[in-house]
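Survey of secondary and tertiary structure
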Amino acid sequence: MPQESTAQAKIVAAVLDAFEKRARAAEAELGKMDAVAGDGDHGQGMVLGTTAAATAARTCVAAGAGLRTTLAHAAAAWSEGAGGTAGALWGGALAKTASLLSDTETADKAAIIAAAVAGARSFSAMGDAKVGDKTIVDAAEPFADALATENPENLAMSWQNATQKATESAAKTAAFAAAKGRAHNHGTDSIGTPDPGATSFAMMMGEVTVFL
């Protein structure tokens, strides 16, 4: 197995560690958002999912696994660890990203962007949601749209620009009511509060830039 793939797997493990730390720091904030028109457990779910994924990734790296295998195991761990719809969506997105990468070939910048875009777009397909439904898709799709049009040679700046778009789009969800998920059952209660799933997606993407 090429050393480069193993090195990239180590970066993935570091990213997921950063995800876990960010999720723990934002747990109360995300839970408060979710409690407005939901069960109030989104923060907890993000902590459980990121913790499981980070642990799985560290185990894979210790065993010398490559990029694809590390991401795939992290995906399964996130889904199982978090449970629920959000856990399944994040697990599926990581799995989609993993499917476009390799254990035997180094992922160049263009490949990383293509895999990230596919992973972000998978939220819409898996959740049968669209922009405007007030879900994670409201941040994931703008992120994917922006990243897909950016210059892959300046990956860090491209990712930063896409993350900014996701952050702005997540904030805008405060202006409308949810059309999908548990929040949909609460009518207009969610107006005035950003969607927690969109918000946490933007948070997680913001953690990636420093590793690029």
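Bear in mind that the values here come from a model prediction, so they are computed numbers and not experimental data.

Here is what the cut-offs are and how they apply
Residues numbered from 1 in each chain as written. Predicted model: local features only at pLDDT ≥ 70, side-chain atom pairs only at ≥ 80, totals over all residues. Heavy atoms only, no water. Helix = DSSP H or I, 4+ residues; strand = E, 2+ residues; numbered from the N terminus. Contact = heavy atoms within 4.5 Å. Core = buried A, V, L, I, M, F, W, Y, C linked by side-chain atoms within 4.5 Å. Buried < 20%, exposed > 50% of the residue type's maximum accessible area, 1.4 Å probe, protein only. Axes fitted to C-alpha atoms, helices over the stretch in contact; angles between N-to-C directions. Parallel < 35°, antiparallel > 145°, perpendicular 65-115°, else oblique. Left-handed = near helix turned anticlockwise from the far one by under 90°. Nonpolar A, V, L, I, M, F, W, Y, C, P; charged D, E, K, R; others polar. Polar contact = N/O pair within 3.5 Å; in protein donor to acceptor, adjacent residues only side chain to side chain. Salt bridge = Lys/Arg side-chain N within 4 Å of Asp/Glu carboxyl O.

1. A closer look at the environment of F123
Following the sequence through the fold, F123 ends up in helix α5 (residues 109–127). Sequence separation between F123 and A88 is 35 residues, and the spatial gap between their C-alpha atoms is 9.8 Å. Residue contacts for F123: discarding those within four places in its chain leaves L89, W90, A93, I136, V137, A140 and F201.

2. Describing the nonpolar core
Counting residues in each nonpolar core, the largest one holds 56 residues, and the members touching the most others are L16, F19, W78, W90, F123, F143 and F201. Of all elements in the fold, only α1 (3–37), α2 (42–62), α3 (67–82), α4 (84–99), α5, α6 (137–148), α7 (155–172) and α8 (196–206) reach the threshold of two or more residues within this core. With 10 residues, α1 is the single largest residue contributor to this core.

3. Remarks on the packing of α2 against α3
Running from amino to carboxyl end, α2 crosses α3 at an angle of 150°, the nearest separation of the two axes being 7 Å. In this view, α2 runs roughly antiparallel relative to α3, as classed from their interaxial angle. Crossing of α2 over α3 shows right-handed handedness. Residues G45, M46, L48, G49, T50, A52, A53, A56, A57 and C60 of α2 form the contact with α3, whose participating residues are T69, T70, H73, A74, A77, W78, G81 and A82. Along the lines of polarity and charge, the residues of the contact of α2 with α3 split into 11 nonpolar, 7 polar and no charged.

4. Notes on α8
Extensive coverage of α8 is indicated by the burial of 10 of its 11 residues. Within the sequence span of α8, burial applies to P196, G197, A198, T199, S200, F201, A202, M203, M204 and M205. Among the structural elements, α1, α2, α4, α5, α6 and α7 are those in contact with the buried residues of α8. The N-cap of α8, judged by a side-chain oxygen 3.1 Å from the amide nitrogen of G197 a few residues on, is D195.

5. What to know about the pattern of salt bridges
Per the stated rule, a full pass over the model turns up 6 salt bridges. Of the charged contacts, one joins D17 and R58 as a salt bridge, the two residues approaching to 2.4 Å between their closest N and O atoms. One end of the pair, D17, is in helix α1; the other, R58, is in helix α2, with 41 residues separating them in the sequence. By relative accessible area, which is 21% here, D17 ends up partly exposed. Its salt-bridge partner being K130, residue D133 comes within 3.3 Å of it at the nearest N-O pair. Look at D133 and you get buried, because its relative accessible area is 4%. Through salt bridges with shared partners, a single network forms among R121, E141 and D145.

Function-wise, these values are silent; they only describe arrangement.
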